[in-house]
Amino acid sequence: MTRKKLIAGNWKMNETIPEAVVLAQEISNLADPAALDAVDVAVCPPFVDLKPVKTVLEFDRVNIALGAQNVYWEPAGAFTGEISIPMIKEIGCTYCIVGHSERRNLFGETNEGVNLKARALIEAGIAPIVCVGESLSVRDEGVYLDFVTSQVRAAFAGMDAEDAVRAVVAYEPVWAIGTGRTATPEQAEEVCAAIRATLAELFGDDVAQQVRVLYGGSMNEGNAALLLVQPDIDGGLIGGAALKAVSFIEIVKAAR
Ligand SMILES: O=C[C@H](O)COP(=O)(O)O
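Computed from a prediction, not measured in an experiment: that's the story for all the values here.

Novice: Can you walk me through the site of the ligand in this structure?
Specialist: Around the ligand, the surrounding shell consists of Asn 10, Lys 12, His 100, Glu 172, Ala 176, Ile 177, Gly 178, Gly 217, Ser 218, Leu 237, Gly 239 and Gly 240. Taking Ser 218, its main chain carries an N or O atom lying 2.7 Å from an oxygen atom of the ligand. The protein chains hide 95% of the 300 Å² of surface that the ligand would expose on its own. Judged by its atoms lying within 2 Å of the grid points, the ligand is housed in the second largest pocket. For the shell around the ligand, the residue count by class is three nonpolar, seven polar and two charged.

Novice: Honestly, the UniProt feature "binding site: substrate" (unreviewed entry) in the chain in this entry has me stumped. Any pointers?
Specialist: Here the UniProt feature "binding site: substrate" (unreviewed entry) sits at Asn 10, Trp 11, Lys 12, Gly 178, Ser 218, Gly 239 and Gly 240. Annotated residues spanning 231 residues; largest pairwise C-alpha distance 13.7 Å, indicating a single compact cluster. For the largest pocket, the lining residues drawn from the annotated set are Asn 10 and Lys 12. Structurally, Asn 10 can be placed in strand 1 (residues 6-10). The residues touching Asn 10, leaving out its near neighbours within four places in the chain, are Cys 44, Gln 69, Ile 97, His 100, Leu 237, Ile 238, Gly 239 and Ala 242. At 2.9 Å, the side chain of Asn 10 forms a polar contact with the backbone nitrogen of Lys 12.

Novice: Mind showing me how you'd approach the packing of helix 1 (residues 17-30) against helix 3 (residues 47-59) here?
Specialist: Pairs of packed helices are described in terms of their axes, by the angle between the two and the distance that separates them. Taken N-terminus to C-terminus, the directions of helix 1 and helix 3 make an angle of 35 degrees; their axes are 9 Å apart at the nearest point. Between helix 1 and helix 3 lies a crossing of right-handed hand. Judged by residue contacts, Ile 17, Ala 20, Val 21, Ala 24 and Gln 25 of helix 1 engage Val 48, Asp 49, Pro 52, Val 53 and Val 56 from helix 3. Residues that form the contact of helix 1 with helix 3 fall into these classes: eight nonpolar, one polar and one charged.

Novice: How should I be thinking about the layout of surface pockets in this particular structure?
Specialist: Rolling a probe over the atoms, with the probe sized like a water molecule, indicates the empty space that remains. Taken as a whole, the largest pocket holds about 340 Å³ of empty space. For the largest pocket, the lining is made up of 14 residues, of which Lys 12, Met 13, Gln 69, Arg 103 and Phe 107 are closest to its centre. In terms of residue count, helix 5 (residues 101-107) provides more of the lining of the largest pocket than any other element does, four residues in total. When the residues that make up the lining of the largest pocket are grouped by side-chain class, the tally is seven nonpolar, four polar and three charged.

Novice: I tried to follow empty space enclosed by the protein on my own but got confused; where do I start?
Specialist: On inspection of all chains with the given rule, the structure shows one cavity of 30 Å³ or more. When residues of the lining of the largest cavity are traced back to their parent elements, those giving at least two are helix 5 and strand 5 (127-132).

The rules we used
Residues numbered from 1 in each chain as written. Predicted model: local features only at pLDDT ≥ 70, side-chain atom pairs only at ≥ 80, totals over all residues. Heavy atoms only, no water. Near = heavy atom within 4 Å. Polar contact = N/O pair within 3.5 Å; in protein donor to acceptor, adjacent residues only side chain to side chain. Areas by Shrake-Rupley, 256 points an atom, 1.4 Å probe, with all protein chains shown as cover. 1 Å grid on protein atoms, 1.4 Å probe; cavity = no way out; pocket = protein on both sides within 12 Å on 5 of 7 lines; lining within 4 Å. Sits in = over half its atoms within 2 Å of the grid points. Nonpolar A, V, L, I, M, F, W, Y, C, P; charged D, E, K, R; others polar. UniProt positions renumbered as here; feature names shortened; annotations may be inferred. Helix = DSSP H or I, 4+ residues; strand = E, 2+ residues; numbered from the N terminus. Contact = heavy atoms within 4.5 Å. Axes fitted to C-alpha atoms, helices over the stretch in contact; angles between N-to-C directions. Left-handed = near helix turned anticlockwise from the far one by under 90°. Points joined across faces, edges and corners; volume = space filled by probe spheres on them.

Structure follows, in structure tokens:
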């Protein structure tokens, strides 16, 4: 089965509103409509930038989707500092990153929380981009496949096939994030294939063949093509290179 590739830019905690508007305009200006038909493209700015960026994308009528970087699973209430799914949905988010390693490692996000967020997003019609990935020590111990596939099992716990098919998984080895040290295409493919095999075990091969598995970790315009040509890599979750419109658009072109 051919899965449409997805290139998603995770802007992390970068860009004030005026800066975000400029970056969105630059991406919109550089994007080739034919490429945007062939590849799904999303940008995931910080919460405060979501509405201004959405306004730019709508004004330009450009086929680029909007995603959030995190969300809370309860719909409303006394959860100071959190942002709800109805809030991001109302702005127009169709994707939301969950379980990014920075959230797991710096903010104590757990597998259970990732599962609650992913399920609540699916229920609301927003595609979770579920991030998984091992640290360097786990890789060096040689148990990275078990580690990553157990994160996948935890994130998809309690879902049925109809739910699972609406999720996206992003394999992001922690040692490759923001380090300039990219996983080789073979290393990335090995884990992405193991993720797909786990989804097949949980939900059947038909579902596993439909779920997009992205790679993230120092992906840039120079290394994207070789990663994206791997049979089980269906796109990229891009950090640093997503902050440069030219680089981001070059990655989109490589995904075609
Ligand atoms: O979500 C994106 C990843 O953490 C990758 O970040 P990076 O491309 O800066 O390594």
